[in-house]
Amino acid sequence: MPLLYELLDYNKTFVENEEYKTYVSAKSPKKKMVLVSCMDTRLTEMSFKSLGLKNGDIKHIQNAGAVISHPYGSTVRSILVAVYMLGVEEVVIMGHHDCGFGALKPEPMIKEMKKRGIPDNTFEVLEHSKIDIKSWLKGFESVEDSVKESVRKVYEHPLFDNSVPVHGLVIDPENGKVDLVVDGYEN
Ligand SMILES: [Zn+2]
């Protein structure tokens with residue numbers, strides 16, 4: 001059975017058996033915090049468990065690399081919504097060691113796009129539109145520097161309330177150890 005149908009099939013039983021009752025939680029986060037972490041599969045549960053967080057505790061945003069790449073992209077927008085509309089009082093950006101996005105080089109990905117049929121001239125059009133695809137698809141050298149850079153971008157955002165602390169953490173997906181990179185209380 002294709003994956004999607006398998007999921008939908010499972011969902012029927014989930015609802016029928018009222019299994020959702022275990023997971024129902026309040027709309028506002030109990031701990032008044034928003035966490036930005038990577039979409040790495042190893043962190044799905046590890047990022048919560050390693051910090052003692054439970055379902056319903058926080059707002060959680062995930063993207064490739066836990067990186068704030070654009071001041072007016074959806075990650076920053078989500079942070080702003082969390083702060084201004086959802087009662088969030090602290091922001092945490094948590095990168096991780098051995099990050100697949102960090103190791104990303106644009107060339108192999110562009111090659112793969114072309115292999116799957118994205119025409120050469122699409123890249124030329126983007127280039128002419130001043131979209132720097134290569135830097136957009138580039139990972140980072142140091143996860144600590146990447147986290148610091150993302151924290152800085154949030155603080156420097158003209159629409160961000162600077163009295164809200166923004167912390168930077170790095171987690172090891174192998175053992176769950178979390179290191180403090182930026183202590184937002186010291187800002
Ligand atoms: Zn990652």
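- An unreviewed UniProt entry lists the chain under the name carbonic anhydrase, with Lacicoccus alkaliphilus DSM 16010 given as the organism.
- Turning to the chain, the UniProt annotation filed under Sequence similarities (unreviewed entry) states: "Belongs to the beta-class carbonic anhydrase family."
- Entered under Catalytic activity (unreviewed entry) in the UniProt record, the comment concerning the chain runs "hydrogencarbonate + H(+) = CO2 + H2O".

**Side note on a nonpolar patch on the surface**
And then number 1: Together, M1, L3, L4, Y5, L7 and L8 give the surface a local cluster of nonpolar side chains, amounting to about 690 Å² of exposed area.
And then number 2: Of note, L4 is situated in helix α1 (residues 3–16).
And then number 3: Residue classification places L4 among the exposed positions, given a relative accessible area of 51%.

**Some words on the nonpolar core**
The tendency in soluble globular proteins is for nonpolar side chains to be buried as a group.
And then number 1: If you look at the biggest cluster of nonpolar residues, it comprises 38 residues, and the most contacted ones within it are I79, V91, I93, F160 and V166.
And then number 2: For this core, the secondary structure elements donating two or more residues are β1 (33–38), α2 (43–49), α3 (74–85), β3 (90–96), α7 (143–155) and β4 (166–171).
And then number 3: Sequence-distant contacts of I93, defined by excluding residues within four places in its chain, comprise V36, A66, I68, V147, S150, V151, V154, V166, H167, G168 and L169.

**Overview of the sheet that holds β4**
And then number 1: Pairing is mixed in the open sheet, where five strands are placed in the order β2-β1-β3-β4-β5. If you trace the sheet from one side to the other, it starts and ends with β2 (59–63) and β5 (178–182), each paired once. Mean inter-strand twist for the sheet, computed between neighbouring axes without regard to direction, equals 25°.
And then number 2: Strands in contact with α3 are β1, β2 and β3; relative to β2, the strand with the most contacts, it is inclined by about 175°.
And then number 3: The sheet strands contacting α7 are β3, β4 and β5, and the helix crosses β4 at an angle near 160°.

Calculation rules
Throughout, residues of each chain are indexed from 1 in the direction in which the sequence is written. Two thresholds apply to this predicted model, a pLDDT of at least 70 for residue-level local features and 80 or more for giving and counting side-chain atom pairs, whereas whole-chain, interface and lining totals are computed over all residues. With hydrogens and water set aside, each side-chain value is computed from the structure's full complement of heavy atoms. UniProt positions are given in the numbering used here, feature names are shortened, and annotations may be inferred rather than shown by experiment. Like charges within 9 Å and nonpolar side chains (Val, Leu, Ile, Met, Phe, Trp, Tyr) within 5 Å are joined into patches, using only residues over 30% in relative accessible area that form no salt bridge. Every accessible area reported is derived by Shrake-Rupley at a probe size of 1.4 Å, with residue values counting cover from the shown protein chains alone. Whenever Lys or Arg places a side-chain nitrogen within 4 Å of a carboxyl oxygen from Asp or Glu, that contact is recorded as a salt bridge. Secondary structure counts use DSSP, requiring at least four H or I residues in a row for a helix and at least two E residues in a row for a strand, with both numbered from the N terminus. Only protein chains enter the accessibility calculation, which uses a 1.4 Å probe; a residue whose area is less than 20% of its type maximum is buried, one above 50% is exposed, and one in between is partly exposed. Put simply, buried Ala, Val, Leu, Ile, Met, Phe, Trp, Tyr and Cys residues joined by side-chain atoms within 4.5 Å make one nonpolar core. Contacts are assigned to residue pairs with any non-hydrogen atoms lying within 4.5 Å of each other. We call two strands paired when DSSP finds no fewer than two bridges between them. Think of each axis as a best-fit line through the C-alpha atoms, taken over the contacting stretch in the case of a helix, with angles from 0 to 180 degrees between the N-to-C directions.

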